[in-house]
Amino acid sequence: MSKIEKALKRAGEERGNLQVVAPAAAGGRTAPWTALVGQEIERPETISRMAENEHKLLSAEELWVRGIIHPQQTKEPAVQVFRELRTKISQQSQGQNAVILVAAVSRGNGASFIARNLAAAFAFDSAKTALLVDCNLRNPSVHELIPDTSLPGLADYFDSPELAVSKIIHPVGIARLRAIATGRLRENPAEYFVSTKMRHLIDSLRERYRERFIILDGPPMSDIADARILSELSDYVLVVARHGRTTNAQIENGLSAISSSKLLGIVFNDEPRIPWLR
Amino acid sequence: MQMYPEQIVKAVINESFHSRWLVVWMFVIVNIVVLTAGLLWPKSYTGSTSIVVDEKSIMEPLMKGAAVATETADRNRNAREVILGRSIMRKVLESAGWLADHPTASEQEGLFEKIKARTTITPVGRDVIKIEYRDSDENRALFVTKAFANLFVQEMITQKESDTRAAFDFIDKQAQEYQQKLTAAEEELRQLRSSNLDARPGSDIELSARLIALNTRIENTTMELREAEMKHASLERQVNGEAEVTVLATREAQFRARIAELQAKLDTLRLTFLDTHPDIVQLKHQIQDLRAEAAAQRERRDSAKPSDRAEGDETVVNNPVYQQLRRELSQSRLTIDTLKARIAEARRLVQEEVNRGKGLHGGEARLVELTRDYQINREIYQDLLHRRERARVSINMDSDRQSSSFKILDPAVVSPSRNTPRFWQFVLGGLMLGVLVPLGFLFTRLQFDPRVRLANAISERHKVQVAAIVPHLWSPVELTGLRKELAILALVVTATLALSATLSVVRFLGLL
């Protein structure tokens, strides 16, 4: 037992709620960012429990194929960008967890890509967890991450009162990242977000795990009603505009739907860069 | 939107990559269009020839010093006017076969203008002009250029011959005119001479010399006359003062004179002394003696008188001085008369000379005038005779084509036109445009596309912070696809370049 571990154990005994977790339990990695002493100290019990449940994590290659960043892809500019975005949000929320709505200005702007990678970026940090909630009911995409598509999702939660929240949260093969898919959609899913159940869901998700950042993969801003409701439910909003596709008029319309106090900024997606010219 | 150059470059590069297919196809299409234009561009050939032109008017050297020739017009303009003049142009049209279709007058005008537009006449150096003619037909370009050169030289030689002939005619005419003038002047001179014999050069000098001599003579004679008159007056005065005869002194008179003298002396002494003074006494005795002597003398004379003998007065004789003076006076009077006659004669001569001089001056002035005219006419006439002979030689030289100053320096040759673009220029232009057109298009799209292409355009326009600029995340499959894509695009670009190169070589070898 190292000196640090001894010190931690002593501190744990003094506080009573801390425990030392073996490095293998933290996603089986010994990466330097997980070995930070401060993070180990504040690491809550839930994270270690989440780690226990993550039997099979996807490799960097597999994630890359799925269009998701991985901390090992150090040369990839997108990884750096998402890290910086994550840091910005953390600073903005002053260490508290937050509900972040990622909504595209219009369809096809890549809001889902941004949402899932932002969630992955939060999950890089071993002291934080991330929950990706697919709120884009018309064009869902989160279910692609969940191995078993038959598992219940958001729609199932709204439709079956007896379904517990924990039943709709599924691992996606990324350490400290869980996801809620849309589930089996009914004909008219438009009213889900206006229901109090939705507010309760968000509140409970936020309140239950303090280190959990909840990222809502929202519908495009062209669907003003949903976007507005979801922005009210969330703490921060990121608006996604895509290179060569979004017009200034669309951006203007989208920005008018959300409160400027919640607006973190615009994410300019898919900027063309020659991949070999870093 | 304000953009820095490096931002523009970066943005254009990224856009080119993003729209790579568009860029490559634009490159290919622009190249193909430009190459096609290069292939279809009408060929143009330029025939060129140089001609030595010495266009100095024949009048100028011939009339040098005698008359001032008018300035020769601008050489090039002149040459251009001759070459593109109707006579040469018509011959060219005829010989080059343009008139085979019997074009109408207006069509011919159109042809004239077309040929004019394709012909350039430029000066090379001082005496050389270059004729260039452009045509799409190589043979015709050569033919027309040759025709221009030959016809121009021919025309200029003909023109020069006629110039020389005109100059000769002019000089000949002038010479004849001067000959007539000269003859008339000679005749007039002869008449004047015969009518006025004195009228010859130097007469006036002679006349004035004679007048001076006469005047001198008059003056001298007048002086002599004065002298003679003065002498005469003097002689007259002398003659008047001199007695005609002279009286001799007697002894008695001599005694009396002596007595008077002594008496006077005695009176003076008596004033001082008494009568008894010895001197007085002596004087008294002397006086008595003298009186006695005088009385004796008288008696002797009185005693001689009663004889009545005509006895001449022996004391009266003719005065010789008087006689002499009388003679001289007479002589002087004679001299005066002679001199007066001489002066009158001289004055008459002077008057005569003056009268003669009056007539002489008028004649001489006329003579001088006529002589001057005659001399000038003679000089000009002689000069004209020389020039006429030179003009005659010039005509002979022209007829023998010896003096021809119009020669074809460089025979007509034909070469591809300089001004029409070459095929390699099309190739190069195609490549450059192939790059510039897509880049220009992308830059314009960046500026004017309503779709957002630059992150800072968003923040600038909407006053919203850009939280992140996320580059495209290339998945392994996408990267593989991109590599293939780039390979294909490189192949397309290479094929285009190869096509350009191949066409250039083919064109260079003259196969196309």
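Residues numbered from 1 in each chain as written. Chains lettered and ligands numbered in written order. Predicted model: local features only at pLDDT ≥ 70, side-chain atom pairs only at ≥ 80, totals over all residues.

A separate point is the overall build of chain A. Along chain A, the regular secondary structure elements total 11 helices and 7 strands. Going through the 278 residues of chain A one by one, you find that 42% of them count as buried. (Helix = DSSP H or I, 4+ residues; strand = E, 2+ residues; numbered from the N terminus. Buried ≥ 20, exposed ≤ 12 C-beta atoms within 10 Å, placed from the backbone.)

With that settled, the discussion passes to the sheet that holds strand β3 (residues 170-171) of chain A. Strand order in the open sheet made by the 8 strands is β3(A)-β4(A)-β2(A)-β5(A)-β1(A)-β6(A)-β7(A)-β7(B), with mixed pairing throughout. Edge strands, defined here as strands with exactly one partner in the open sheet, are β3 of chain A together with β7 (466-471) of chain B. Sheet topology note: the strand β7 (residues 263-271) of chain A/β7(B) ladder contains 4 bridges and is parallel. Among the inter-strand pairings, A:Glu271 is bridged to a residue of β7(B), identified as B:Pro471. (Pairing = 2+ DSSP bridges.)

This paragraph deals with the interface of chain B and chain A. At the interface, 28 residues of chain B touch 34 residues of chain A. Elements that contribute at least two residues to the side of chain B that touches chain A include exactly α1 (5-18), α13 (455-462), β7 and α14 (476-508) of chain B. Considering each element in turn, the side of chain B that touches chain A owes the most residues, 6 residues, to β7(B). Along the lines of polarity and charge, the residues of the side of chain B that touches chain A split into 18 nonpolar, 6 polar and 4 charged. (Contact = placed C-beta atoms within 7 Å. Nonpolar A, V, L, I, M, F, W, Y, C, P; charged D, E, K, R; others polar.)

Moving on: the nonpolar core. All names here are of chain A. Counting 78 residues, the largest nonpolar core has Ile 100, Val 102, Ile 215, Leu 238 and Val 240 as its most contacted members. Ranked by the residues each element gives to this core, the list is headed by helix α6 (residues 111-124), at 11 residues. The contacts of Ile 100, once residues within four sequence positions are left out, are Ile 89, Phe 213, Ile 215, Leu 216, Ser 234, Asp 235, Tyr 236 and Leu 238. (Core = buried A, V, L, I, M, F, W, Y, C linked by C-beta atoms within 7 Å.)

Turning our eyes to something else, we now look at the packing of helix α5 (residues 77-93) of chain A against α6(A). All names here are of chain A. Running from N to C, α5 and α6 cross one another at 75°; their axes reach a closest spacing of 9 Å. The angle between the axes of α5 and α6 places the two elements in the roughly perpendicular class. Contact with α5, carried on its side by Phe 82, Arg 83, Leu 85 and Arg 86, involves Asn 117, Leu 118, Ala 121 and Phe 122 of α6 and no other residues of that element. (Axes fitted to C-alpha atoms, helices over the stretch in contact; angles between N-to-C directions. Parallel < 35°, antiparallel > 145°, perpendicular 65-115°, else oblique.)

On to the sheet that holds strand β3 (residues 128-135) of chain B. Residue and element names in this part refer to chain B. Across the sheet, 4 strands lie side by side as β2-β3-β1-β6; this open sheet has antiparallel pairing. Whereas interior strands pair on both sides, the edge strands pair on one side only; in this sheet they are β2 (119-124) and β6 (406-416). Pairwise comparison of adjacent strand axes, ignoring direction, gives a mean angle of 20° for this sheet. Of the strand pairs in this sheet, β2 and β3 are connected by 6 bridges, and their pairing is antiparallel. Bridge pairing links Thr 122 to Lys 130 in β3. Its contacts with the sheet place helix α7 (residues 138-195) against β1 (45-53), β3 and β6, and it is angled at close to 15° to β1.

Turning to the environment of A:Ser260, a few remarks are in order. Residue and element names in this part refer to chain A. Structurally, Ser 260 can be placed in the loop between α11 (248-256) and β7. For Ser 260, a count of 10 C-beta atoms within 10 Å corresponds to the exposed category. Remark: the alpha-carbon pair of Ser 260 and Val 237, spanning 23 residues in sequence, is separated by 9.1 Å.

All names here are of chain A. Residues Leu 177 and Ala 179 of strand β4 (residues 177-180) are buried on one face, and the alternating residues Arg 178 and Ile 180, pointing to the opposite face, are buried as well. Pairing analysis gives 4 bridges linking strand β2 (residues 129-134) to β4, with the strands arranged parallel. Residue Leu 131 lies in a different strand from β4, and its bridge partner there is Arg 178. Both β3 and β4 contribute to a ladder of 2 bridges, which runs antiparallel. Across the sheet, Pro 171 pairs through a bridge with Arg 178, a residue of β4.

Another point: unusual backbone geometry. At A:Arg176, a position not held by glycine, the phi torsion is positive, near 60°. Mapped onto the fold, A:Arg176 is located in the loop between β3 and β4. Phi at B:His102 takes a positive value of approximately 50°, unusual for a residue other than glycine.

This part covers the environment of B:Ser504. Residue and element names in this part refer to chain B. Tracing the backbone shows Ser 504 in helix α14. Of the residues examined, Ser 504 has 18 C-beta atoms within 10 Å and is grouped as partly exposed. Taking the C-alpha atoms as reference, Ser 504 lies 6.9 Å from Phe 423; in sequence the two are 81 residues apart. Other than its neighbours up to four places away in sequence, Ser 504 contacts Phe 423, Trp 424 and Val 427.

Taken together, the buried positions of helix α10 (residues 224-233) of chain A are A:Asp226, A:Ala227, A:Ile229, A:Leu230 and A:Ser231. Buried residues along α10(A) sit against β1 (99-104), β5 (212-217) and β6 (236-242) of chain A.

Moving on to the packing of α7(B) against helix α11 (residues 320-399) of chain B. Residue and element names in this part refer to chain B. Two elements in contact, α7 and α11, have axes whose closest approach is 7 Å; the angle formed by their N-to-C orientations is 155°. Taken as axis vectors, α7 and α11 run roughly antiparallel relative to one another. Read as a crossing pair, α7 and α11 show a hand that is left-handed. Residue composition of the contact of α7 with α11, by class: 18 nonpolar, 7 polar and 14 charged. (Left-handed = near helix turned anticlockwise from the far one by under 90°.)

Before going further, it helps to examine the confidence of the model for chain B. All names here are of chain B. Taken as a whole, chain B shows an average pLDDT of 84; of its residues, 89% reach a score of 70 or greater. Confidence over residues 67-73 falls short of pLDDT 50; this stretch has 8 contacts with residues more than four positions distant or in other chains. Two numbers describe this predicted complex: its pTM, 0.57, and its ipTM, 0.80. (pLDDT = per-residue confidence, 0-100.)

Here we come to the confidence of the model for chain A. Predicted confidence across chain A gives a mean pLDDT of 82, with 78% of residues reaching 70 or more. Throughout residues 16-42 of chain A the model reports pLDDT below 50, and contacts reaching past four residues in sequence, or to other chains, amount to 35 contacts.

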